[in-house]
Amino acid sequence: MDGELVPWEQAKIHISTNALHYGSAVFEGIRGYYHEGEIYVFKLREHIRRLIDSARIVMLRNRYTERELVDATILTLRENRYSTNVYIRPIIYAGENVMTLDIAEVPVRAAILTFPLDKFFKKFGLRVGVSSWRRLPDTSMPPRAKAAANYLNSMLATREARMAGFDEAILLDQSGFVSEGPGENIFLVKDGVLSTPPASSAILEGITRGTVMTLARDLGYQVVERQISRVELYTADELFFTGTAVEIQPIIEVDGRAVGDGQPGPVTRRIYDLYQRVVRGQEHRYRSWLTPVYGR
Ligand SMILES: Cc1ncc(COP(=O)(O)O)c(C=O)c1O
C-alpha cells in the first residue's frame, strides 16, 4: 500500500476515501500461474500499461512508473511465497476527502493486493442471457478505462442474469449490437471464422481477447473484429467468453437456445487447451508473455 508491504488484516483505508463514495478508482486483474515451482505472471507489463492508461483517462494523478508497479507486483508475490495460482489486483484510487467531485483535489493512493485463486467459474460451459441493461456508452463513461465506477453497470447485469437463472449476462451496446459480458469479452465462431466485437462496441479491450486473437490466427483461423447482432448469437456454431478471471469459458446456451449441440465446441476447446499451456510456460514460442516470480 503506497509503497509499503502491509499484512492483509492491517490493509485498511479511511471511511472518507473518495473512491468508496464515487467509484473514483482504476484497477487491474492479473493472473499468475503456478507450474513446477515457478509462478508465471501473464502479460504483466501489458496490464500495468493499461492501468496507467486508465488513470490517464479518468485523470487520477498516478505517481508510479510502469517499472515501479511491475517490481512492486513481483515483490508482493515473492514475499507471500505462494505455491498456488494467484490473482493480482493493483488499484490506484482517490483517497481521503469525500467532499469533492474534482479528482484533482484528492490525494492519489495505490495498492497491490494478491491472493490465491484457481478457477473463477466451477463449471466449464455457461448458460447466459442477454441483459436488459445496456453496456455504458463512452459518451457517458469510458468503458475502455478499467474504472471502478463502470462496474456498477456490470453488477446490475450480473444480478439480473442470476435472478433469471443464468450463469452470466451478455450486454448489448447502445445501438443494440453485442458488446461484452460483465467482466469478459465475447467471441463467436461460425463456419470456422472467429468474430469479436470491435472497440467501438463499448468494450474493455481485453488482454485475453488480444491473446486469443493471436493464438487463433497462429492456429490458422481467420479472426475478425466486427459488429455482431444479437440474433447471430442464436445461430453461432460456438460462443465463448475471454477474460483474465474466466480465462476461456465456453457459452453453451443463450436466451434458452443451445449453442451448437449444447456442448463446448472443438474450436473453443482447442484455444482453451493452448491457452492453459501458454500461461504455464509450456509453449516456448509465447514465453515472452510471462514474467517468472521466483526466477529459479
Ligand atoms: C468489462 C470487462 N471486459 C472484458 C474483460 C476482459 O479483460 P482481460 O482479458 O484484460 O482480463 C474484463 C476483465 O478484466 C472486464 O472487466
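Keep in mind that what you see is a predicted model, and the values were worked out from it rather than measured.

(A) Molecular detail of the side chain of Thr244. Mapped onto the elements of the fold, Thr244 is located in the loop between strand E12 (238-243) and strand E13 (247-254). Filtering out sequence-adjacent residues up to four positions away, Thr244 remains in contact with Gly29, Ile30, Arg31, Tyr33, His47, Tyr87 and Thr208.

(B) Spatial organisation of helix H5 (residues 207-218). With 12 residues, H5 should reach 16 Å at 1.5 Å per residue; the first-to-last C-alpha distance of 17 Å fits that figure. Those residues of H5 that sit buried are Ile207, Thr208, Arg209, Thr211, Val212, Met213, Leu215 and Ala216. Of the residues trailing H5, Gly220 is marked for its positive phi of about 100°.

(C) Representation of the packing of aromatic side chains in the model. Under the counting rule described, the total for this entry stands at 9 aromatic pairs. Where Phe27 meets Tyr151, the ring centres are 5.1 Å apart and the plane angle is 55°; that geometry is what we call tilted. Taken together, the residues Phe27 in strand E1 (residues 25-27) and Tyr151 in helix H4 (residues 151-163) connect sequence positions 124 residues apart. The residues Phe27 and Tyr151 share a single accessibility class, namely buried. Between the aromatic rings of Phe42 and Tyr275, the centroid separation amounts to 5.7 Å while the plane-to-plane angle is 75°, which identifies the pairing as edge-to-face. Placement of the pair is Phe42 in strand E3 (residues 38-42) and Tyr275 in helix H6 (residues 266-278), with a sequence separation of 233 residues. A relative accessible area of 4% means that Phe42 is categorised as buried. With a relative accessible area of 2%, Tyr275 lands in the buried category. Ring pairs connect the aromatic residues Phe42, Tyr275, Tyr286 and Trp289, which therefore count as one cluster.

(D) Region of interest: the site of the ligand. Near the ligand you find 15 residues, and of these Tyr151, Glu180, Ile207, Thr208 and Thr244 are the closest. Residue Glu180 places a side-chain N or O atom 2.7 Å away from a nitrogen atom belonging to the ligand. Thr244 has a polar side-chain atom sitting 2.6 Å from an oxygen atom of the ligand. Look at the ligand: alone it shows 380 Å² of surface, and the protein chains cover 96% of it. Here the residues of the shell around the ligand are counted per class, giving 4 nonpolar, 6 polar and 5 charged.

Reading the values: the criteria
- Residues numbered from 1 in each chain as written.
- Predicted model: local features only at pLDDT ≥ 70, side-chain atom pairs only at ≥ 80, totals over all residues.
- Heavy atoms only, no water.
- Helix = DSSP H or I, 4+ residues; strand = E, 2+ residues; numbered from the N terminus.
- Contact = heavy atoms within 4.5 Å.
- Expected span 1.5 Å × (residues − 1).
- Buried < 20%, exposed > 50% of the residue type's maximum accessible area, 1.4 Å probe, protein only.
- Phe/Tyr/Trp six-rings, centres within 6.5 Å; stacked < 30°, edge-to-face > 60°.
- Near = heavy atom within 4 Å.
- Polar contact = N/O pair within 3.5 Å; in protein donor to acceptor, adjacent residues only side chain to side chain.
- Areas by Shrake-Rupley, 256 points an atom, 1.4 Å probe, with all protein chains shown as cover.
- Nonpolar A, V, L, I, M, F, W, Y, C, P; charged D, E, K, R; others polar.

These results come straight from atomic positions and should not be treated as a statement about function.
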